[in-house]
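Structural features, examined
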Amino acid sequence: MILYFSATGNSRYVANTLAKELGEQRLVDLRAYMVKDAPALTVTLSENEPLGIVFPVHSWGMPKFFADILENMHIQGYEAGKNYVYMLCTCGDDVGKLFEMWSGVMKKAGVEADVAYSIAMPNTYVLFPGFDVDNPEKRDQKLTAAPVAIHHVATQIKSRTKGDFTHHGAMAGLKSKVIHPLFIQYSTSDKGFAVDAATCIGCGKCQQACPTSNIQIVKPNPTKEGKLMPEWQGRCLNCLACYHYCPTHAIAYGTKTKGKHFYICPL
Ligand SMILES: Cc1cc2nc3c(=O)[nH]c(=O)nc-3n(C[C@H](O)[C@H](O)[C@H](O)COP(=O)(O)O)c2cc1C
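Let me begin by describing the structure that accompanies this report. (Residues numbered from 1 in each chain as written. Predicted model: local features only at pLDDT ≥ 70, side-chain atom pairs only at ≥ 80, totals over all residues. Heavy atoms only, no water.)

**Observations regarding the layout of surface pockets**
Empty space within the largest pocket amounts to approximately 540 Å³. Looking at the largest pocket, it is lined by 29 residues, and the ones nearest its centre are Val-57, Gly-92, Asn-123, Thr-124 and Tyr-125. Counted by class, the lining of the largest pocket contains 13 nonpolar, 13 polar and three charged residues. When we break the lining of the largest pocket down by domain, the ones giving at least three residues each are domain 1 (2–186) and domain 2 (193–253). Along the walls of the second largest pocket sit 13 residues, with Tyr-33, Ala-38, Pro-39, Asp-68 and Ile-69 positioned nearest its centre. (1 Å grid on protein atoms, 1.4 Å probe; cavity = no way out; pocket = protein on both sides within 12 Å on 5 of 7 lines; lining within 4 Å. Points joined across faces, edges and corners; volume = space filled by probe spheres on them. Nonpolar A, V, L, I, M, F, W, Y, C, P; charged D, E, K, R; others polar. Domains from an automatic or database assignment.)

**Some details on the packing of aromatic side chains**
Counted by the stated rule, this structure contains 13 aromatic pairs. Ring centres of Tyr-125 and Phe-183 lie 5.9 Å apart, and the angle between their planes is 75°; this geometry places the pair in the edge-to-face category. Of this pair, Tyr-125 sits in the loop between strand S7 (115–120) and helix H4 (136–158) while Phe-183 sits in helix H5 (residues 172–186); the two residues are 58 residues apart in sequence, bridging distant segments of the chain. As far as the burial class goes, Tyr-125 and Phe-183 line up, both buried. Here the aromatic residues Tyr-125, Phe-128, Phe-131 and Phe-183 are joined through ring pairs into a cluster of three or more. (Phe/Tyr/Trp six-rings, centres within 6.5 Å; stacked < 30°, edge-to-face > 60°. Helix = DSSP H or I, 4+ residues; strand = E, 2+ residues; numbered from the N terminus. Buried < 20%, exposed > 50% of the residue type's maximum accessible area, 1.4 Å probe, protein only.)

**Side note on the pairing of S7**
Counting buried residues along S7, five of its six residues qualify, which places the element largely inside the surrounding structure. Where strand S6 (residues 85–91) meets S7, six bridges bridge the pair, whose relative direction is parallel. Its bridge partner lying in S7, Thr-90 is registered against Ile-119. In terms of handedness, the path from S6 via helix H3 (residues 98–108) over to S7 forms a crossover that is right-handed. With three bridges joining them, S7 and strand S8 (residues 163–165) adopt parallel strand pairing. Among the inter-strand pairings, Val-115 is bridged to a residue of S8, identified as Gly-163. (Pairing = 2+ DSSP bridges. Right-handed = clockwise from strand over helix to strand, strands pointing away.)

**A word on the site of the ligand**
Around the ligand lies a shell of 24 residues, among which Ser-6, Thr-8, Ser-11, Trp-60 and Asp-93 are the nearest. Thr-8 places a side-chain nitrogen or oxygen 2.6 Å from an oxygen atom of the ligand. A distance of 2.8 Å separates an oxygen atom of the ligand from a polar backbone atom of Val-57. Within the complex, 96% of the 640 Å² of free accessible area of the ligand lies under protein. The cavity where the ligand resides is the largest pocket. If you list the elements that add at least two residues to the shell around the ligand, you get helix H1 (10–22) and S6. (Near = heavy atom within 4 Å. Polar contact = N/O pair within 3.5 Å; in protein donor to acceptor, adjacent residues only side chain to side chain. Areas by Shrake-Rupley, 256 points an atom, 1.4 Å probe, with all protein chains shown as cover. Sits in = over half its atoms within 2 Å of the grid points.)

**Focus: the sheet that holds S8**
Taken in spatial order, the six strands line up as S2-S1-S4-S6-S7-S8 in an open sheet, and their pairing is parallel. In this open sheet, the two edge strands, each paired with only one partner strand, are strand S2 (27–29) and S8. For this sheet the average axis-to-axis angle between neighbouring strands, irrespective of direction, equals 15°. Strand contacts of H1: strand S1 (2–4), S2, strand S4 (51–56) and S6, with the helix running at about 140° to S6, the strand carrying the most contacts. (Axes fitted to C-alpha atoms, helices over the stretch in contact; angles between N-to-C directions. Contact = heavy atoms within 4.5 Å.)

Shape is all these values report; function is a separate question.
In C-alpha cells:
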C-alpha cells in the first residue's frame, strides 16, 4: 500500500510511478485527510504487505498537518519486522533530518520505520528571499532523472533494504530542528495572499488546488460585476498550490512573490 500527499504534483507523479514499478495496486491520496475535522486515517495491512509513504519535504520537515494524519492513523494488521515501512519524499534540494522526524511520527502510530529515500524534483517554494522555482534547464534535468531514481528506489524496496538514504544537505540538524518548527509556527499563514482583481477570472482553480479546502470563491470582484474572487480561510500550509495553479497568475503573497516564477508538475 502506498499513501501519498502532493500539493503541486511532483509527489503524485513519484507515487504513481513507484506504484507501477512495484506492481502496487493500493495507492491512496491523503489529500482528503488534510482538511479541517477530517476523520482519522485507517490503514489495514495484510501479512508482509509493505507500507509506503510519499510526500514533499516542507522546510526540512513534514508538511504542516501531514504529520498529524500519520501520527493519529489507526493501523490494523501491522507486525514490526514483517510489514516493511518506507518513506519516499520529494525535495528541491535536501531534506535535513527528515528521516528522524518521520520515524518519530510513525513510532507514535505504533509503526517502526524501516527505510527512507529522497528524490530531487523541481522546486516549488518561492517565498524566501533568493528562492525561486528552478530555471527550465535545471527543471528538465530533474524531470528526466526522476524515472531512473524511482526505478532505483523500487529495486531497493523490493529487496527490503533498510536505512536512511535521504539527501541531508548541509546543517541538517539546524534546518530540521530549529528552522522547521519556526517555519511551521510563523511562516504558514495565509494572511499574505492577495488577488489582483483585474487579472482574476474567478475560475476556482485555486480552490480546487488547495489541499486543505482553505479557499472559498466568495469575495465580490470590484472590477468585474457579478464575478467572485478567492478568500483564504486560515488553514494554510503555505504549499503555494493556489499561487502555482492560478491560470492568470493573479495570486501574490505580499511582495514575496514579486518577480518569482511558477511550476506545476507536467508529468
Ligand atoms: C512550503 C515548502 C517548503 C519546502 N521546503 C523544502 C526543503 O526544505 N527542502 C527542499 O529541498 N525542497 C523544499 N521544498 C520543495 C518541495 O519539497 C519540492 O518541490 C516537492 O517536490 C514538491 O512536491 P509536490 O509537488 O508533490 O507538492 C519546499 C516546498 C514548499 C512548498
